[in-house]
Amino acid sequence: MQPPSLLNRRTFLGQLGVGVGGIALASLLDQQGLLAAEKETSPSAEKKPHFPAKAKRVLHIFCVGAVSHLDTFDYKPELIKRDGQPLPGVDKLVTFQGENGNLAQSPWKFKQRGQSGMYVSDLLPNVAECVDDFCFIHSLTSKTNTHGPGEVFMSTGFTQEGFPSAGAWVSYALGTTNENLPAYVAIPDPRGVPQAGPINWNNGFLPAVFQGTAFNADNPITNLARPKEVRDASDKATGEFLKLLNDEHLKRHPEDNELSARISSYELAARMQLAAPEVSDLSGETAATRELYGINDKNPLTAGTGRNCLLARRLLEKGVRFVTLFNGAFAMGEGAQNWDGHRQIKSDYDRHGPVLDKPLAGLLKDLKTRGLLDDTLVLWTTEFGRMPTFQKGTQGRDHNPKGFTVWMTGAGVKKGFRFGATDEFGHKAVEDVVTVYDFHATVLHLLGLDHEKLTYYHNGIQRRLTDVHGHVIRKVLA
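None of the values given here were measured: they were computed from a predicted structure.

**Quick notes on the overall build of the protein**
Inference 1: On a plain count of helices and strands, the protein comes out with 13 helices and 19 strands.
Inference 2: Per-residue burial over the protein gives 55% buried out of 478 residues.
Inference 3: By sequence separation, contacts in the protein at least 24 residues apart represent 78% of the contacts at least 6 residues apart.
Inference 4: Summed over its atoms, the accessible surface of the protein is roughly 20,400 Å², and 51% of this surface lies on carbon and sulfur atoms.

**With respect to the sheet that holds strand β15 (residues 417-419)**
Two strands in a sheet stick together by hydrogen bonds in their backbones, pointing the same way (parallel) or opposite ways (antiparallel).
Inference 1: The sheet built from 8 strands is open, its strands ordered β8-β7-β9-β1-β10-β14-β6-β15 with mixed pairing. If you trace the sheet from one side to the other, it starts and ends with β8 (213-214) and β15, each paired once.
Inference 2: Summarising the sheet, strand β6 (residues 135-140) and strand β14 (residues 404-410) pair through 4 bridges and their orientation is antiparallel. In the strand pairing of β14, Phe136 is matched with Trp407.

**Concerning the packing of helix α11 (residues 300-317) against helix α12 (residues 345-369)**
Inference 1: Contact pair α11 / α12: the axes reach a minimum separation of 8 Å and the direction vectors enclose 25 degrees. In terms of axis orientation, α11 runs roughly parallel to α12. Taken as a pair, α11 and α12 cross one another with a handedness that is right-handed. Between α11 and α12, the contacting residues are Leu301, Thr302, Thr305, Gly306, Cys309, Arg313 and Leu316 on the first element and Pro354, Val355, Pro359, Leu360, Leu363, Asp366 and Leu367 on the second.
Inference 2: Class assignment of the residues belonging to the contact of α11 with α12 gives a composition of 9 nonpolar, 3 polar and 2 charged.

**As for the pairing of β14**
Inference 1: Here β14 lies mainly inside the structure; 7 of its 7 residues are buried.
Inference 2: Here 4 bridges tie strand β10 (residues 376-382) to β14, and the two strands are oriented antiparallel to one another. Pairing of Leu379 across the sheet is with Met408, part of β14.

**A closer look at the confidence of the model for the protein**
Atomic detail in the predicted coordinates should be set aside for any region of low pLDDT.
Inference 1: With 85% of its residues at a pLDDT of at least 70, the protein reaches an overall mean of 87.
Inference 2: Ignoring residues within four places in sequence, the model shows residues 1-40, a span with pLDDT below 50, making 54 contacts including any to other chains.

**Brief notes about the sheet that holds strand β2 (residues 94-95)**
Inference 1: Strand order across the open sheet formed by 3 strands is β2-β3-β12, with antiparallel pairing between neighbours. Looking at the sheet topology across the chains shown, the edges are occupied by β2 and β12 (389-391).
Inference 2: Across 2 bridges, the pairing between strand β3 (residues 98-103) and β12 is antiparallel. Bridging across to β12, Asn100 finds its partner in Gln391.

**Observations regarding the environment of Lys92**
Inference 1: For Lys92, the location among the structural elements is in the loop between α4 (77-81) and β2.
Inference 2: Between the alpha carbons of Lys92 and Asn102 there is a distance of 9.7 Å; along the sequence they are 10 residues apart.

**Considering the layout of surface pockets**
Inference 1: Each pocket or cavity is described by its volume, and for the second largest pocket that value is around 160 Å³.
Inference 2: Along the wall of the second largest pocket there are 13 residues; nearest its centre are Glu46, Pro49, Ala55, Lys56 and Arg321.
Inference 3: Each residue belonging to the lining of the second largest pocket can be placed in one class, and the counts come to 5 nonpolar, 2 polar and 6 charged.

**As for the packing of aromatic side chains**
Inference 1: Summed over all chains, the structure comprises 20 aromatic pairs.
Inference 2: Taking the centre distance of 3.9 Å and the plane angle of 10 degrees together, the rings of Phe134 and Trp407 count as stacked. With Phe134 in the loop between α5 (125-128) and β6 and Trp407 in strand β14, the pair connects residues that are 273 residues apart, well separated along the chain. Just as Phe134 is buried, Trp407 falls in that class too.

**Details of the pairing of β3**
Inference 1: Pairing analysis gives 2 bridges linking β2 to β3, with the strands arranged antiparallel. Residue pairing for β3: Val94 is matched across the bridge by Glu99.
Inference 2: Remark: 2 residues form the turn of the hairpin made by β2 and β3, two consecutive strands paired antiparallel.

**Here we look at the state of the cysteines**
Inference 1: Enumeration over the complete set of coordinates arrives at 0 disulfides.
Inference 2: Free of any disulfide, Cys309 has its nearest neighbouring cysteine sulfur in Cys63, separated by 9.7 Å.

**Details of the side chain of Asp423**
Inference 1: Following the sequence through the fold, Asp423 ends up in the loop between β16 (421-422) and β17 (429-431).
Inference 2: Looking at Asp423, its side chain comes within polar contact range of the main-chain nitrogen of Gly426, at 2.9 Å.
Inference 3: Among residues more than four places away in sequence, those in contact with Asp423 are Lys76, Lys428 and Val430.

**Remarks on α12**
Inference 1: For α12, built from 25 residues, the straight-helix expectation of 36 Å at 1.5 Å per residue is met to within 8% by its first-to-last C-alpha distance of 34 Å.
Inference 2: If you look at α12, its biggest bend is around 30 degrees, right at Gly353, and the proline Pro354 turns up within four residues after that.

**A word on the nonpolar core**
Inference 1: Residues Leu377, Met408, Phe439, Val443 and Leu447 are the most contacted members of the largest nonpolar core, which totals 54 residues.
Inference 2: When residues of this core are assigned to their parent elements, the largest contribution, 7 residues, is made by helix α13 (residues 436-446).
Inference 3: Contacts of Phe439, omitting those with residues within four sequence positions, involve Ile137, Leu140, Met154, Leu379, Thr381, Val406, Met408, Val434 and Ile473.

**With respect to the pattern of salt bridges**
Inference 1: According to the stated counting rule, one finds 25 salt bridges in the structure shown.
Inference 2: In this structure, Glu248 engages Lys251 in a salt bridge whose closest nitrogen and oxygen atoms are separated by 3.9 Å. In this pair, Glu248 and Lys251 are both assigned in helix α8 (residues 232-252), 3 residues apart and thus about one turn of the helix distant.
Inference 3: With relative accessibility at 11%, the residue Glu248 sits in the buried group.
Inference 4: Classification of Lys251 as exposed rests on a relative accessible area of 56%.
Inference 5: Between Arg313 and Glu285 there is a salt bridge; the shortest N-O distance is 2.8 Å. Here Glu285 lies in the loop between α9 (257-280) and α10 (287-292) and Arg313 lies in helix α11, a separation of 28 residues in the sequence. Take Arg313 and Glu285: they sit in the same class, and that class is buried.

The rules behind each value
- Residues numbered from 1 in each chain as written.
- Predicted model: local features only at pLDDT ≥ 70, side-chain atom pairs only at ≥ 80, totals over all residues.
- Heavy atoms only, no water.
- Helix = DSSP H or I, 4+ residues; strand = E, 2+ residues; numbered from the N terminus.
- Buried < 20%, exposed > 50% of the residue type's maximum accessible area, 1.4 Å probe, protein only.
- Contact = heavy atoms within 4.5 Å.
- Areas by Shrake-Rupley, 256 points an atom, 1.4 Å probe, with all protein chains shown as cover.
- Pairing = 2+ DSSP bridges.
- Axes fitted to C-alpha atoms, helices over the stretch in contact; angles between N-to-C directions.
- Parallel < 35°, antiparallel > 145°, perpendicular 65-115°, else oblique.
- Left-handed = near helix turned anticlockwise from the far one by under 90°.
- Nonpolar A, V, L, I, M, F, W, Y, C, P; charged D, E, K, R; others polar.
- pLDDT = per-residue confidence, 0-100.
- 1 Å grid on protein atoms, 1.4 Å probe; cavity = no way out; pocket = protein on both sides within 12 Å on 5 of 7 lines; lining within 4 Å.
- Points joined across faces, edges and corners; volume = space filled by probe spheres on them.
- Phe/Tyr/Trp six-rings, centres within 6.5 Å; stacked < 30°, edge-to-face > 60°.
- Disulfide = S-S within 2.5 Å.
- Polar contact = N/O pair within 3.5 Å; in protein donor to acceptor, adjacent residues only side chain to side chain.
- Expected span 1.5 Å × (residues − 1).
- Bend = angle between axes of the 7 residues up to and from the residue.
- Core = buried A, V, L, I, M, F, W, Y, C linked by side-chain atoms within 4.5 Å.
- Salt bridge = Lys/Arg side-chain N within 4 Å of Asp/Glu carboxyl O.

Shown next as structure tokens:
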């Protein structure tokens, strides 16, 4: 039986005595094939990759403020040896905030960790326990030395605003495996959002349905609960009748992706009334799990980060395709609530390190124990690195986009592996230099996506996450 026109539907429902109330409407819609059609045409429906994928989902841990690679994961014996001497070959070096002083070794000792013998500093002792699963990239470079554009570049592949984030591209390409939750979730730090804010999880020119949904463990998704006086049946039937009206309008204006996104968002919100509170409820987790994530820590920031990390695991477990977990915020400015260590890197990082260390290590260990690392790709990034020198007159390091460290772990990447290198002082990438475009191309490849084929026509150009650049880093693939 063909679906009736909008007027006929209204008459048909009225004749049946259904009106806009009662469960019968859902059954009627199902008979008409309308619910099945919704699933087939939903912009967030699950889609096949270009080729068999190693990873089904992504967890992106983004440390805001430009973490110093020289004080965490990039061990430089020559920096220790020449501590206090001028940087060779450079006279009165001027970087982002001004003139630099002499070379400065890390205030934290580096040690070889695990069976792989990878060096990690004492700043992150718990994360260091996971090093045998890491694939380090020590030669990443950025196009900018400014935080906002640096965040946007890492998130979207462009330094200017208006482009889709990697999570939006992935949800556009692959859809969701759980129709009751967003395909893409951004989890802001308990202290606030990064400097570029929602641009980091924006849909750009992609249809609006692919933007990230932002919430964290302490601030759940808002406006999901209906008024108490509205009954279940009435709420459901009203929503379904609204869908009939929207579908008719959308047929007349198929190019209106804003309407399509709005319809999809409302329908998702209705389904999330049950699913989102359940996934955000951490009360059922065991005492051992809460301890693993540092949720009982006396420092409220560590405990809050632990809750966010646990929320990330639960979202991945429920089939959310892409989760970005932010650590650090710019609400309090330079270095206060983020990794931007210009003035006193020792005291700043001694505050920030423990906030990240135990919760992140707990998350990684939990993912591995549950088998989620087998098909989840985990990324750890920051917007750029920092200088091997201290800024003149300070005990802190200035911005450095010329060479820094990120790492990957999980599905499809080598374990206990190092790729690329900076020079003997950690100033510039000199071996197997990697761009953000290469990094993004590799992430897409692990998801079964060809970065050159994943495109969207916008303003006369077939746009892509990697612009016109990028090569898959084959040597890091397992």
